[in-house]
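As a plain string of letters, each chain reads:
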Amino acid sequence: MSKKNRLHKGTLATKAFKRLTNLAFPLLIYSFIGLSDGEFLQTFLITLTIFILLMMIGFVFDLIKYIRTAYYIENNRFILKSGLIIRKEKDIQISRIQSIDTAESLAHRLLKLSKVTIQTPGKNILLDAISLKQLEEITQQLYDLNTAIEVPTNIDISDNVSEETLAKPDTSSTPSEGDLLYQLSITDLIKLTLLNTSAIRSFIVFFFASSFVSNILIDFVFEQSDQILRVPILVLLFIALGIFAMIYLFSAVITIIKQYHFRVFSTDTQLTIKRGLLETNSQTIVLDNVQSLEEKQNWLMKLCGFTFFSLSIATHEQEDEADSNKENDTNGKIVLFPLVKTDQLTSLIESCFPEYHLASAKLVTPKRSIRRFIQFQLLFFIVIATVISKFFWIYAWIPGIILILLTLLFGYLSYKLNGYALSENEVTFQVAKTFSIKRTYLLKERILTMKVNQHPLLKRAALAKVSCFSAQGQLSQENQLKFIDDKDAFELFNWFKPKNGGHDDYESNKS
Amino acid sequence: MIEENAPLHKLDKAVIQYDKTNSLVNGLFYAIGCAVLLYIIDRFEWPIVYAVLLIILTVFIFCIDYFVLPYLRYKSIRYEVHPTYLEILKGIFFRTREVIPIERIQQVLIKDNPISRRYRVQSVEIQTAGTNHTVPLLLEKEAQALKKGMMERIKEVQSDV
């Protein structure tokens, strides 16, 4: 049994830093509310008191947690004991460790600490803040016990490997992070921001939500007040453009901070993704754990010949609370190539996922399905827009018409683009969204279940819905093709149904 | 097409009685809800026609739930355990046919409640790495046989997802 170790004292500072960043935004908003009421000093003092109180309470909890947390190695198991009131013990079998991932927030970097996640296929252990020396010791110990572990690459362990360890046949070389498969430059990150429609969508939401539009712009247009129409329309246009530029600039800064130096390294068994300017992340994905691949392309990206690529993995337990803000790993979805040239995608995928073919989908949605994609949404928007226009806000029909047009567009795109492709072991689902198109690639062996839905009205029109589920995070990802010909739905269903598992085969095998 | 080569196993007719008892219990909740709404109608002196409509609607829903749905449910559910997969067909109006490969199954649970125990009726819940599936309204011996059959087949297949 190895000696029990505590986390680094700096964990108190990193947790306080995290709490500070989490609390700052809501408290700032609260202060601004006070500012608008004209009671700035009073609100500021209240905010400051709440802030200090919360920080102090948090610090006491963190201190107790720090004192009660210990990790050690015993009988080929890595054990973490923790808990504020109830003592929890979590252990993982060292031989099942797949990788040791590291992440460093700004506080971690200043204090030369690292946040470490030790991953197995079943569960993970998270060490919130340990020194680089501690990390080195842990990885060395674990590496000695299990040569299959991917060692974190922020530290060059090989420099510190003892002669004795080097002499062992299986541990003679440290596993490298692999070949560089993909990276994003600053220019790519700016391109990524420009091609990402989320900034445009934020602007549209901002535009309609702001009272400036509802109270001033629409009045200008519809009341046709000559006095204010001549100059202010230009001014308003400038303001709108300014806001638009600001949103883009803000998105660009955020993207650069988060995705700075985004690199993907590949070995035969795993991929490692590294990124981040202030908070750096190194994440390992074991290829055997990949459940599906997904390509998403918005219309702007399509026009410029780029695409966005992600993958899904299965996780078997809840991420630790301290790690829940790991932006890249929400619900088991991991961004692999945030921006990649469409013509380079096949070769990239071939090099790390040779079993996938990424077949193009055949388009299968019949014309009689179009109305089914849109009928309920249209009815909903018409009723809502009419009611709001009549009783609450006279201009509600404008966003109403925009939503109706978008719904019509969605119906047309679903008809034009939805489809699937089948090969012996792989299926491609292609589904249109209003502003993008999503293609999901699944291996038959990774599909959990497949189901076909039909009701009498669909049956009469010879249509059906087909859904295919694969593991994603702790739950599942559903890929659904709606309103396709029932023959196509059952082609998919029968493709998935095991061929050699029917009763006839079973009986004949038995005899 | 969804009914073509449907799974072989049908439910036992005895489960209808249990389903009807369930409907009676539901009816009790409808009655309580109806009474609360009637009180509100009376309290705020809304037109009496609302009360009449409410009573008619409650009785209608109860009748459908008691006299019609148990028979339709009994007829709608079918399942079959093949050597490598489980197939379920169910749904009265929205028909769903699903295939669950045995190698994907992680857990098989048998569920019951005080009323179902009286009628020896159980449901079997099948869990995979991210989905749940239920075969409801099985007699106890059918549920046990289904679970046993699946567990045996799961042992034969190996998978780590």
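Computed from a predicted model, the values in this text were never measured in an experiment.

Caption draft 1: Examining the sheet that holds strand β7 (residues 179-183) of chain A more closely. Residues and elements named next belong to chain A. Taken together, 7 strands build an open sheet; the order of strands is β6-β5-β4-β10-β9-β8-β7 and the sheet is antiparallel. A strand with exactly one partner marks an edge of an open sheet, and here the two such strands are β6 (124-131) and β7. Each strand of the sheet is rotated relative to its neighbour by a mean of 20 degrees, with strand direction disregarded. Pairing of strand β9 (residues 270-275) with strand β10 (residues 280-286), which is carried by 6 bridges, proceeds in the antiparallel orientation. Directly across from Ile-273, in β10, lies its bridge partner Gln-283.

Caption draft 2: Quick look at the side chain of A:Thr69. Residues and elements named next belong to chain A. Mapping Thr-69 onto the fold places it in the loop between α2 (40-68) and β1 (70-74). Within the structure, the side chain of Thr-69 is placed 2.5 Å from the backbone oxygen of Lys-65, a separation counted as a polar contact. Residue contacts for Thr-69: discarding those within four places in its chain leaves Asn-5, Arg-6, Leu-7, Leu-80, Lys-81 and Ser-82.

Caption draft 3: Main features of the environment of A:Phe44. Tracing the backbone through its elements, the reader meets A:Phe44 in helix α2. Between the C-alpha atoms of A:Phe44 and A:Phe262, which are 218 residues apart in sequence, the distance is 40 Å.

Caption draft 4: The arrangement of the sheet that holds strand β2 (residues 77-82) of chain A in detail. Residue and element names in this part refer to chain A. Spatial strand order, β1-β2-β3: 3 strands in an open sheet with antiparallel pairing. Of all strands in the sheet, those with a lone pairing partner are β1 and β3 (88-93), marking the two edges. Across this sheet, the average inter-strand angle for adjacent strands is 20 degrees, counted without regard to direction. Here helix α4 (residues 132-145) sits on the sheet in contact with β1 and β2, set at roughly 25 degrees to β1.

Caption draft 5: Highlighting the pattern of salt bridges. On inspection of all chains with the given rule, the structure shows 16 salt bridges over all chains. A salt bridge links A:Asp485 to A:Arg368, with the shortest nitrogen-to-oxygen separation between them at 3.1 Å. Of the two residues, A:Asp485 sits in strand β20 (residues 475-485) while A:Arg368 sits in the loop between β14 (362-363) and α13 (370-391), which places them 117 residues apart along the sequence. Exposure remark for A:Arg368: the relative accessible area of 36% places this residue in the partly exposed category. The shortest N-O distance in the salt bridge between B:Glu125 and B:Lys111 comes to 2.8 Å. Residue B:Glu125 is located in strand β6 (residues 121-127), and its partner B:Lys111 is located in strand β5 (residues 107-111); the two are separated by 14 residues in the primary sequence.

Caption draft 6: Expanded view of the nonpolar core. All names here are of chain A. Counting 33 residues, the largest nonpolar core has Tyr-182, Leu-271, Leu-293, Leu-311, Phe-337 and Phe-353 as the members making the most contacts within it. Contributing elements (two or more residues each) for this core: β7, α6 (186-195), β9, β11 (290-298), β12 (306-313), β13 (333-341), α12 (342-352) and β17 (436-443). When residues of this core are assigned to their parent elements, the largest contribution, 5 residues, is made by β13. Apart from the residues within four sequence positions on either side, Phe-337 is in contact with Leu-181, Tyr-182, Val-264, Thr-307, Phe-308, Phe-309, Leu-345, Leu-348 and Ile-349.

Caption draft 7: Structural detail: a positive patch on the surface. A surface patch of like charges, here positive, comprises A:Arg201, A:Lys296, A:Lys433 and A:Lys482. In this fold, A:Lys482 is placed in strand β20.

Caption draft 8: Representation of the domain arrangement of chain B in the model. Residues and elements named next belong to chain B. Here chain B is described as being made up of domain 1 (15-73) and domain 2 (79-160). Each of domain 1 and domain 2 has a C-alpha centre, and the two are 32 Å apart. The interface of domain 1 with domain 2 comprises 10 residues on the first partner and 8 residues on the second. Across the domain 1/domain 2 interface, buried area totals approximately 840 Å², and carbon plus sulfur atoms make up 82% of it. Here domain 1 is connected to domain 2 by 0 salt bridges. If you look at where domain 1 meets domain 2, you find 2 residue pairs in polar contact (both at pLDDT 80 or more). Elements that contribute at least two residues to the side of domain 1 that touches domain 2 include exactly α1 (15-43) and α2 (48-76). Here the side of domain 1 that touches domain 2 gets 7 residues from one element, more than from any other, and that element is α1.

Caption draft 9: Local environment of the packing of α1(B) against α2(B). All names here are of chain B. Two elements in contact, α1 and α2, have axes separated by 9 Å at closest approach and are oriented at 170 degrees. Our classification of the angle between α1 and α2 gives roughly antiparallel. Considering only residue class, the contact of α1 with α2 consists of 17 nonpolar, 4 polar and 4 charged.

Definitions and cut-offs
Residues numbered from 1 in each chain as written. Chains lettered and ligands numbered in written order. Predicted model: local features only at pLDDT ≥ 70, side-chain atom pairs only at ≥ 80, totals over all residues. Heavy atoms only, no water. Pairing = 2+ DSSP bridges. Helix = DSSP H or I, 4+ residues; strand = E, 2+ residues; numbered from the N terminus. Axes fitted to C-alpha atoms, helices over the stretch in contact; angles between N-to-C directions. Polar contact = N/O pair within 3.5 Å; in protein donor to acceptor, adjacent residues only side chain to side chain. Contact = heavy atoms within 4.5 Å. Salt bridge = Lys/Arg side-chain N within 4 Å of Asp/Glu carboxyl O. Buried < 20%, exposed > 50% of the residue type's maximum accessible area, 1.4 Å probe, protein only. Core = buried A, V, L, I, M, F, W, Y, C linked by side-chain atoms within 4.5 Å. Patch = residues over 30% accessible without salt bridge, like charges linked within 9 Å, V, L, I, M, F, W, Y side chains within 5 Å. Areas by Shrake-Rupley, 256 points an atom, 1.4 Å probe, with all protein chains shown as cover. Lys, Arg positive; Asp, Glu negative; His and termini not counted. Charge placed at Lys NZ, Arg CZ, Asp CG, Glu CD. Domains from an automatic or database assignment. Buried area = accessible area lost by both parts, 1.4 Å probe. Parallel < 35°, antiparallel > 145°, perpendicular 65-115°, else oblique. Nonpolar A, V, L, I, M, F, W, Y, C, P; charged D, E, K, R; others polar.

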